[in-house]
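One letter stands for each residue in the lines below.
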2 protein chains.
Amino acid sequence: MRDLWYSEKYEEDVKFSVKVTQHLYSEKTPFQQIDFFDSKTFGRFFTLDGFMMVTEKDEFIYHEMITHVAMAVNPEVKRVLIIGGGDGGTAREILRYKTIKKVDLVEIDERVVRLCQQYLPLTAAPFDHDNRLVLHFQDGLDFVQTAKNNSYDLILVDSTDPIGPGEGLFTYDFYHHCERLLSNVGILINQHESPYYESDAYEMKRSHAKIKASFPIAKVYQFHMPTYPSGHWLFGFASKKYDPIKDLKSDKWESLGLYTKYYNTKLHQGAFMLPTYVKEGLENV
Amino acid sequence: MRDLWYSEKYEEDVKFSVKVTQHLYSEKTPFQQIDFFDSKTFGRFFTLDGFMMVTEKDEFIYHEMITHVAMAVNPEVKRVLIIGGGDGGTAREILRYKTIKKVDLVEIDERVVRLCQQYLPLTAAPFDHDNRLVLHFQDGLDFVQTAKNNSYDLILVDSTDPIGPGEGLFTYDFYHHCERLLSNVGILINQHESPYYESDAYEMKRSHAKIKASFPIAKVYQFHMPTYPSGHWLFGFASKKYDPIKDLKSDKWESLGLYTKYYNTKLHQGAFMLPTYVKEGLENV
């Protein structure tokens, strides 16, 4: 019987492996290597350059946490910019809000979108069904450099790690333009790496230093993401005006009646209460 | 060059692997298989029946979280019972409180204690240095069945999974006796498995049903434990009187001046704010 395993190295001496029932598709684009697999425990999943991006089993955790935290702080958000997120999961969650007028999604690699439409409808469905969503196949840094001031209420940076195509999204220049594009109540959420393994923790500190220098409010929140290295993952919450805890509108958010499998407004508050070693890592930057 | 990997299966089709620089020791006792390894990323670690128990890199997370949550709710605790915990890490943390008068540690397998004394002084040091600690090499269920009413203020169940020697510690009989042994302000903390992989989630629900039936207050709190399956792990907090949030004594605990790398009194509160799917799993038992 065929015994095929996908393995991902968390460090040179640490790896996570999943038995693959089928290797569905593989393509090398000008930007990255894309692969789709099926597995028993995680269902279908896809990888970019050998890093697990989305699995059917736990994508809801990442996509709920990148989206609903900001929306519960400012349920008035109308104009959204998603940088990355070519799988569609972040767009799917944000488009659940009827109040959202427009979502620009800027994905550098059109093939990610097209292949997710074909192989991962669980996340990619909104690409076909929602005309509030506009796709831009373009580099995220280029996009923000040329966009107009005060164009968005919310920016969601759903990027890969700062190696390869995601690199420009972890720079001062990028965060500066995000600040410029946001309205005076604007919020920026970004994929903020992890505190545990050394290389992830290094990037966590680097991003935080840059975001802190670009926004008056810059906090970090955590969640349990079992298919990412260590399972301990972070998002950044940066804003011009709103504090993620003091300005949380629990009653308002709950009145919307959105069912979420991971997010809730209590967890929202808990997610900002970080372990001491993580707080120290973020303070000493 | 030798290429030796320790692998642990989280499910039949999911595994976590660590490159081993040295396999230091291996012994089969009447209770279980014990192994000690060295590795670059995690330092020294040991396994029981092939499951990772303690690594030098992240043992502080588990041992701080099993101990300080209860102590910050009742800093008056004097008499402690530890069931399991043969590595010594839980005893080390609890003995940092000068107010503790006596700790009974009941470990079924003396070899775990002796080998940790030899190979893992980071956790096993208190076995040599603290005469408030009394070791009992005995089955935990037998111990609680014969101990007197009202003997302890705090019971910490630092057990393996409910397969093998830890099995009796996940029964109604065991929790009933814990309740009997505790004073009227007593607290029980137990290793409560994980919500993510199917077999762990099954045990999480089973334990919770039994504890809820045995104590008026039964809550669950979470933490990020990267070397346990999924990295999403839980402890149970059961008590006769104290609520873990309403009765948290943050000022009192902070006045003790204990430095902790993971635990803090804000995180304490956040740890009880669980994802929706975990809450649902615990409610439907």
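Residues numbered from 1 in each chain as written. Chains lettered and ligands numbered in written order. Predicted model: local features only at pLDDT ≥ 70, side-chain atom pairs only at ≥ 80, totals over all residues. Heavy atoms only, no water.

Per an unreviewed UniProt entry, chain A goes by Polyamine aminopropyltransferase and derives from Cellulosilyticum lentocellum. Chain A has a UniProt comment under Catalytic activity (unreviewed entry) that states "S-adenosyl 3-(methylsulfanyl)propylamine + putrescine = S-methyl-5'-thioadenosine + spermidine + H(+)". (UniProt positions renumbered as here; feature names shortened; annotations may be inferred.)

What follows covers the overall build of chain A. Tallying secondary structure elements over chain A gives 11 helices and 13 strands in all. Computed over the C-alpha atoms, the radius of gyration of chain A is 18 Å, within 12% of the 19 Å expected from 2.2 N^0.38 for a compact globule of 285 residues. Its C-alpha atoms give chain A principal-axis dimensions of about 60 × 45 × 35 Å. Counting across all 285 residues of chain A, residues that qualify as buried make up 64%. Summed over all atoms, the accessible surface of chain A reaches about 10,900 Å², with 50% contributed by carbon and sulfur. The averaged location of the 40 negative side-chain charges in chain A is 6 Å from the averaged location of its 33 positive side-chain charges. (Helix = DSSP H or I, 4+ residues; strand = E, 2+ residues; numbered from the N terminus. Rg over C-alpha atoms; globule rule 2.2 N^0.38 Å. Buried < 20%, exposed > 50% of the residue type's maximum accessible area, 1.4 Å probe, protein only. Areas by Shrake-Rupley, 256 points an atom, 1.4 Å probe, with all protein chains shown as cover. Lys, Arg positive; Asp, Glu negative; His and termini not counted. Charge placed at Lys NZ, Arg CZ, Asp CG, Glu CD.)

Right, let's get into the pairing of strand β11 (residues 182–191) of chain B. Residue and element names in this part refer to chain B. A large share of β11 lies buried, amounting to nine of its 10 residues. Relative to β11, strand β10 (residues 152–158) runs parallel, the two sharing five bridges. What sits directly across from Y152, in β11, is L182. Once you follow β10 into helix α7 (residues 172–181) and on to β11, the crossover reads as right-handed. Alignment of β11 against strand β13 (residues 232–239), held across five bridges, turns out to be antiparallel. For Q191, the partnering residue across the bridge sits in β13 and is F235. (Pairing = 2+ DSSP bridges. Right-handed = clockwise from strand over helix to strand, strands pointing away.)

The next point concerns the packing of helix α8 (residues 198–214) of chain B against helix α11 (residues 276–283) of chain B. All names here are of chain B. Taken N-terminus to C-terminus, the directions of α8 and α11 make an angle of 55 degrees; their axes are 8 Å apart at the nearest point. It follows from the interaxial angle that α8 and α11 lie oblique. The residues of α11 that touch α8, namely those facing M204, K205, H208 and K212, are V278, G281, L282 and E283. Here the residues of the contact of α8 with α11 are counted per class, giving three nonpolar, two polar and three charged. (Axes fitted to C-alpha atoms, helices over the stretch in contact; angles between N-to-C directions. Parallel < 35°, antiparallel > 145°, perpendicular 65-115°, else oblique. Contact = heavy atoms within 4.5 Å. Nonpolar A, V, L, I, M, F, W, Y, C, P; charged D, E, K, R; others polar.)

Along helix α3 (residues 110–119) of chain B, the residues that are buried comprise B:V112, B:V113, B:L115, B:C116 and B:Y119. On its buried side, α3(B) packs onto β3 (22–28), β4 (33–39), β5 (43–48), α4 (121–124), α5 (126–129) and β9 (133–136) of chain B.

Those places that UniProt annotates as "domain: PABS" (unreviewed entry) correspond, in this numbering, to residues 3–240 of chain A. Secondary structure content for residues 3–240 of chain A is 31% helix and 37% strand, while the C-alpha to C-alpha distance between its ends is 52 Å.

Residues and elements named next belong to chain A. Bridging between strand β1 (residues 5–11) and strand β2 (residues 14–19) involves six bridges; their strand directions are antiparallel. For E8, the partnering residue across the bridge sits in β2 and is F16. A loop of two residues connects β1 with β2, the two strands running antiparallel in sequence.

With that settled, the discussion passes to the environment of B:Y259. Residue and element names in this part refer to chain B. By the secondary structure assignment, Y259 is in the loop between α9 (250–255) and α10 (265–271). On the accessibility criterion, Y259 (47% relative accessible area) is partly exposed. Between the C-alpha atoms of Y259 and K246, which are 13 residues apart in sequence, the distance is 23 Å.

As a general point, the strands of a sheet are linked pairwise by backbone hydrogen bonds and lie either parallel or antiparallel. Residue and element names in this part refer to chain B. The mixed open sheet is built from seven strands, whose spatial order is β9-β8-β7-β10-β11-β13-β12. Of all the strands in the sheet, just β9 and β12 (217–224) have a single pairing partner and so form its edges. For this sheet, the mean angle separating the axes of adjacent strands, direction not counted, is 15 degrees. Note: β12 against β13, eight bridges, orientation antiparallel.

Further remarks concern the packing of aromatic side chains. What the rule picks out here adds up to 46 aromatic pairs over all chains. Aromatic side chains A:Y221 and A:F272 sit 4.9 Å apart centroid to centroid with 40 degrees between the ring planes, which places their arrangement in the tilted category. Of the two residues, A:Y221 is situated in strand β12 (residues 217–224) and A:F272 in the loop between α10 (265–271) and α11 (276–283); the sequence distance between them amounts to 51 residues. Each of the two residues, A:Y221 as well as A:F272, counts as buried. Geometrically, the ring pair formed by B:Y10 and B:F16 is stacked, given 5.9 Å between the ring centres and 10 degrees between the ring planes. For B:Y10, a relative accessible area of 7% gives the class buried. Its relative accessible area of 2% is what places B:F16 among the buried residues. (Phe/Tyr/Trp six-rings, centres within 6.5 Å; stacked < 30°, edge-to-face > 60°.)

Quick look at the UniProt feature "active site" (unreviewed entry) in chain A now. All names here are of chain A. Taken from the UniProt record, the annotation "active site" (unreviewed entry) applies to D158. Looking at the secondary structure, you find D158 in strand β10 (residues 152–158). When its relative accessible area of 8% is taken as the criterion, D158 is described as buried. When near neighbours in sequence (up to four residues on either side) are disregarded, D158 contacts Y62, H63, I66, I82, I83, G84, G85, D87 and T90. A polar side-chain atom of D158 sits 2.7 Å from a polar atom in the side chain of Y62. (Polar contact = N/O pair within 3.5 Å; in protein donor to acceptor, adjacent residues only side chain to side chain.)

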